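# Topology and contacts: notes
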Amino acid sequence: MKKRLFLSLFCLLLLPVFCGCKSSSPYLAATSELTEKIYFGETESYTVTAQTGKREDPYVSDGVKGETYPFFHLTVKVKGECSLGEEFGVSATLNGETYACDLTFSPLGEKLTGALPVKAPVGDTSVALTVYRGGESQTVTLTCPATVCAYEEALSSAVNTLGKDVARHLKNGKFQGEIHARLTRVQSVTYWFITFIPLEGESCSVLADAATGEVLAVKGVTPSVTPPPAN
């Protein structure tokens, strides 16, 4: 009886150690921006991309992680001609609540951007938005890519590729800086774009396949892995 009791207590003491391993990663803890989902949809009038997750506010790339808040950011491209004086807006029901915002032209005027003030990252794999243009409106259905690997997998691949260039910023088990991790879409292909911003020294980034986490390109440092020989 005493032996069984001792074993039970021992297992209970070990439980938080094993359960806490994932969250104790020094790189995960330093992530100040994380896109958890990316959406895409289009109609005959609009091409729409949306991203949801958490990011620090105020948003400053200074190597210091601030408090993070949920976000839902939108990018809308209008097919055909439109003038900078036109008024655009969007509304959507997300997580059971209805949100709306105005869309504003980017500095170059080639797209519209906006942010819905969500209270939590959106978990649905498909959302319906209503885009308003003057007195007209149109519904756009957005969906997530079929396959996106977990951020932890992409982050591990990035850390392994960059090697000592990020490891040298570890101190007392903590990454001395912040990390921005975004899902982005380029020519119908989705990627992880992960940037390491140390308190001291130069930033470095990786572009990784969103489905597998495989690093495709690096910026700011020389990768620690040996490239395959040329044929």
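Each value, and the rule that gives it
Residues numbered from 1 in each chain as written. Predicted model: local features only at pLDDT ≥ 70, side-chain atom pairs only at ≥ 80, totals over all residues. Heavy atoms only, no water. pLDDT = per-residue confidence, 0-100. Contact = heavy atoms within 4.5 Å. Salt bridge = Lys/Arg side-chain N within 4 Å of Asp/Glu carboxyl O. Helix = DSSP H or I, 4+ residues; strand = E, 2+ residues; numbered from the N terminus. Buried < 20%, exposed > 50% of the residue type's maximum accessible area, 1.4 Å probe, protein only. Phe/Tyr/Trp six-rings, centres within 6.5 Å; stacked < 30°, edge-to-face > 60°. Lys NZ or Arg CZ within 6 Å of the ring centre and 35° of its normal. Expected span 1.5 Å × (residues − 1). Pairing = 2+ DSSP bridges. Core = buried A, V, L, I, M, F, W, Y, C linked by side-chain atoms within 4.5 Å.

## Quick notes on the confidence of the model for the protein chain
- Of the residues in the protein chain, 85% reach a pLDDT of 70 or more, and the chain-wide mean stands at 86.
- Here residues 1-24 is a poorly scored stretch, pLDDT under 50, and it has two contacts once near neighbours within four places are set aside; other chains count.
- The low-confidence segment residues 223-231 (pLDDT under 50) makes eight contacts with residues lying over four places distant or belonging to another chain.

## Topic: the pattern of salt bridges
- By the definition in use, this model includes four salt bridges.
- A salt bridge links Glu-86 to Arg-133; the shortest N-O distance between them is 2.8 Å. Taken together, the residues span a long stretch of sequence, with Glu-86 in the loop between strand 3 (68-78) and strand 4 (88-94) and Arg-133 in strand 7 (residues 126-133) at a distance of 47 residues.
- For Glu-86, a relative accessible area of 26% corresponds to the partly exposed category.
- Here Glu-97 makes a salt bridge to Lys-119, at a shortest N to O gap of 3.4 Å. Here Lys-119 lies in the loop between strand 6 (112-115) and strand 7 and Glu-97 lies in strand 5 (residues 97-105), a separation of 22 residues in the sequence.

## Focus: the packing of aromatic side chains
- By the definition in use, this model includes six aromatic pairs.
- Ring plane angle 40° and centroid distance 6.1 Å describe the contact between Tyr-39 and Phe-72, whose orientation is recorded as tilted. Of this pair, Tyr-39 sits in strand 1 (residues 31-42) while Phe-72 sits in strand 3, placing them 33 residues apart in sequence. Side by side, Tyr-39 and Phe-72 carry an identical accessibility label, which is buried.
- With a centroid separation of 5.6 Å and 40° between ring planes, the pair formed by Tyr-151 and Trp-192 is classed as tilted. Taken as a pair, Tyr-151 in helix 3 (residues 151-162) and Trp-192 in strand 12 (residues 189-198) lie far apart in primary sequence, 41 residues in all.
- Residue class for Trp-192 comes out buried when judged on its relative accessible area of 2%.
- One aromatic cluster is present, built from ring pairs that chain together Tyr-27, Phe-175 and Phe-196.
- Between the NZ or CZ atom of Arg-55 and the centre of the ring of Tyr-59, over which it lies, the distance is 3.6 Å.

## Here we look at helix 3
- Taking 1.5 Å of rise per residue, the twelve residues of helix 3 would be expected to cover 16 Å, and the 16 Å separating its terminal C-alpha atoms lies within 8% of that figure.
- Within helix 3 the residues assigned to the buried category are Tyr-151, Ala-154, Leu-155, Ser-157, Ala-158, Val-159, Thr-161 and Leu-162.
- Positive backbone phi, at 55°, marks Gly-163, one or two positions downstream of helix 3.

## Here's the deal with the pairing of strand 7
- Pairing between strand 4 and strand 7: five bridges, direction antiparallel. Bridge pairing in strand 7 links Gly-89 to Tyr-132.
- Across eight bridges, strand 7 lies against strand 8 (residues 136-143) in antiparallel orientation. In the sheet register, Tyr-132 faces strand 8, and the bridge partner there is Ser-137.
- Remark: two residues form the turn of the hairpin made by strand 7 and strand 8, two consecutive strands paired antiparallel; Gly-134 in that turn has positive phi of roughly 65°.

## A short note on the nonpolar core
- With 25 residues, the main nonpolar core has Phe-72, Leu-94 and Leu-116 as its most contacted residues.
- Those elements giving two or more residues to this core turn out to be strand 2 (46-56), strand 3, strand 4, strand 5, strand 7 and strand 8.
- Excluding residues within four positions of it along the chain, Leu-116 makes contact with Phe-72, Leu-74, Val-90, Ala-92, Leu-94, Tyr-99, Ala-100 and Cys-101.

## Brief notes about the pairing of strand 13 (residues 204-209)
- Pairing of strand 12 with strand 13, which is carried by six bridges, proceeds in the antiparallel orientation. Within strand 13, the residue paired with Phe-193 across the bridge is Leu-207.
- Here strand 12 hands over to strand 13 after five residues, with Gly-201 in that stretch at a positive phi of 105°.
- Both strand 13 and strand 14 (residues 215-219) contribute to a ladder of four bridges, which runs antiparallel. By the bridge assignment for strand 14, Val-206 is matched with Val-218.
- Once strand 13 ends, the chain turns through five residues before running back antiparallel as strand 14, passing Gly-213 with a positive phi of about 85°.

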